[in-house]
Amino acid sequence: ANSLKKIINTKGININFMLQDVYNLDFPSNSFDFVFFSGGSYSFIPSSRKRIEVLKAIKRVLKKEGVLLLSFGMGVNKTVIKLYPFFKLIARLTLGNREIEKNDFIVGEGEFHHGFLKEDEIIKEADISGFIVDAINLKGRIGYKCAYLRPQKD
């Protein structure tokens with residue numbers, strides 16, 4: 001963060017960094033030129049339905065020529081995929097996450113994570129949300145990746 005501030009000050013760039021709950025964006029429409037959804041946190045949103053809601057909220061606050069840099073986790077957890085039908089059944093029987101998707105799993109101290117299996121998943125969620133994926137970085141088969149999104153023209 002300090003090195004970024006140093007670069008910004010050196011180049012005379014005016015950037016305001018803000019942090020807010022992505023589920024409750026309290027900004028007027030068309031407020032931002034750029035949004036960075038960092039740290040792969042998009043993968044921590046449980047269900048494509050909720051991820052799409054979040055993308056729609058971000059699209060609302062982006063200017064028409066704005067850009068969203070979206071960081072997400074990608075990779076296959078073969079054990080989780082193999083056990084997916086069992087997990088889906090348990091979710092239904094226990095009234096758990098009924099929107100469980102292939103490659104949803106729990107990491108660390110019980111944090112939900114969705115590992116995207118193919119770039120088509122990101123492209124589909126972006127399209128439904130009103131975004132175009134201009135570029136996507138998929139170097140390597142696993143880990144955090146980035147997609148460069150811009151709002152579709154109305």
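Bear in mind that the values here come from a model prediction, so they are computed numbers and not experimental data.

A. Representation of the overall build of the protein. Per the secondary structure count, the protein includes four helices and six strands. Counted from the first residue to the last, the protein has its helices and strands arranged as α-β-α-β-α-β-β-α-β-β. Counting only residues that meet the buried cut, the protein has 34% of its 154 residues in that class. Long-range pairs, those at least 24 residues apart, make up 65% of the contacts in the protein between residues at least 6 apart in sequence.

B. Fine view of the environment of Y144. Position of Y144 relative to the elements: it lies in strand β6 (residues 143–151). Residues Y144 and G40, spaced 104 residues apart in sequence, show a C-alpha to C-alpha distance of 5.7 Å. Leaving out residues up to four positions away in the same chain, Y144 has contacts with G39, G40, F44, S71, F72, G73 and H113.

C. Fine view of unusual backbone geometry. Although it is not a glycine, N30 adopts a positive phi angle of roughly 55°. Here N30 lies in the loop between α1 (2–11) and β1 (32–37). A positive phi angle is found at S47, which is not glycine, with a value near 105°. Looking at the element boundaries, S47 is found in the loop between β1 and α2 (48–61).

D. Highlighting the nonpolar core. Counting 23 residues, the largest nonpolar core has F37, Y42, I58, L68 and F131 as its most contacted members. In terms of residue count, strand β2 (residues 62–74) provides more of this core than any other element does, five residues in total. With sequence-adjacent residues up to four places away left out, Y42 is seen in contact with F37, R51, I52, L55, L70, S71, F72, F116, I122 and E125.

E. Region of interest: the side chain of S47. For S47, a relative accessible area of 1% translates into the label buried. Beyond its immediate stretch of four places on either side in the chain, S47 contacts E99, E101 and F112.

F. Here's a closer look at the sheet that holds β1. Taken in spatial order, the four strands make up an open sheet running β1-β2-β6-β5, and their pairing is mixed. With partners counted over all chains shown, the strands left at the sheet margins are β1 and β5 (131–137), one partner each. Sheet twist, expressed as the average angle between the axes of neighbouring strands with direction ignored, equals 20°. Where β1 and β2 come together, five bridges link them in parallel fashion.

G. Geometry of helix α4 (residues 119–129). Those residues of α4 that fall on the buried side of the exposure criterion are I122, E125, A126 and S129. Projected onto a plane normal to the axis of α4, the buried residues spread over an arc of 100° and lie on a single side. Two residues or fewer past α4, G130 is found with a positive phi of approximately 95°.

H. Main features of the side chain of H114. By secondary structure assignment, the location of H114 is in strand β4 (residues 111–114). Under the relative-accessibility criterion, H114 is labelled buried at 0%. A polar side-chain atom of H114 sits 3.1 Å from a polar atom in the side chain of E121. Those residues in contact with H114, other than ones at most four positions away along the chain, are S43, R51, G73, E101, K102, N103, D104 and E121.

I. Main features of α2. The terminal C-alpha atoms of α2 lie 20 Å apart, and with 14 residues this matches the ideal 20 Å at 1.5 Å per residue to within 8%. Residues of α2 that are buried include every one of R51, I52, V54, L55, I58 and V61, and no others. Taken together, the buried residues of α2 touch β1, β2, β4, α4 and β5.

How each quantity is defined
Residues numbered from 1 in each chain as written. Predicted model: local features only at pLDDT ≥ 70, side-chain atom pairs only at ≥ 80, totals over all residues. Heavy atoms only, no water. Helix = DSSP H or I, 4+ residues; strand = E, 2+ residues; numbered from the N terminus. Buried < 20%, exposed > 50% of the residue type's maximum accessible area, 1.4 Å probe, protein only. Contact = heavy atoms within 4.5 Å. Core = buried A, V, L, I, M, F, W, Y, C linked by side-chain atoms within 4.5 Å. Pairing = 2+ DSSP bridges. Axes fitted to C-alpha atoms, helices over the stretch in contact; angles between N-to-C directions. Arc of directions from axis to C-beta. Polar contact = N/O pair within 3.5 Å; in protein donor to acceptor, adjacent residues only side chain to side chain. Expected span 1.5 Å × (residues − 1).

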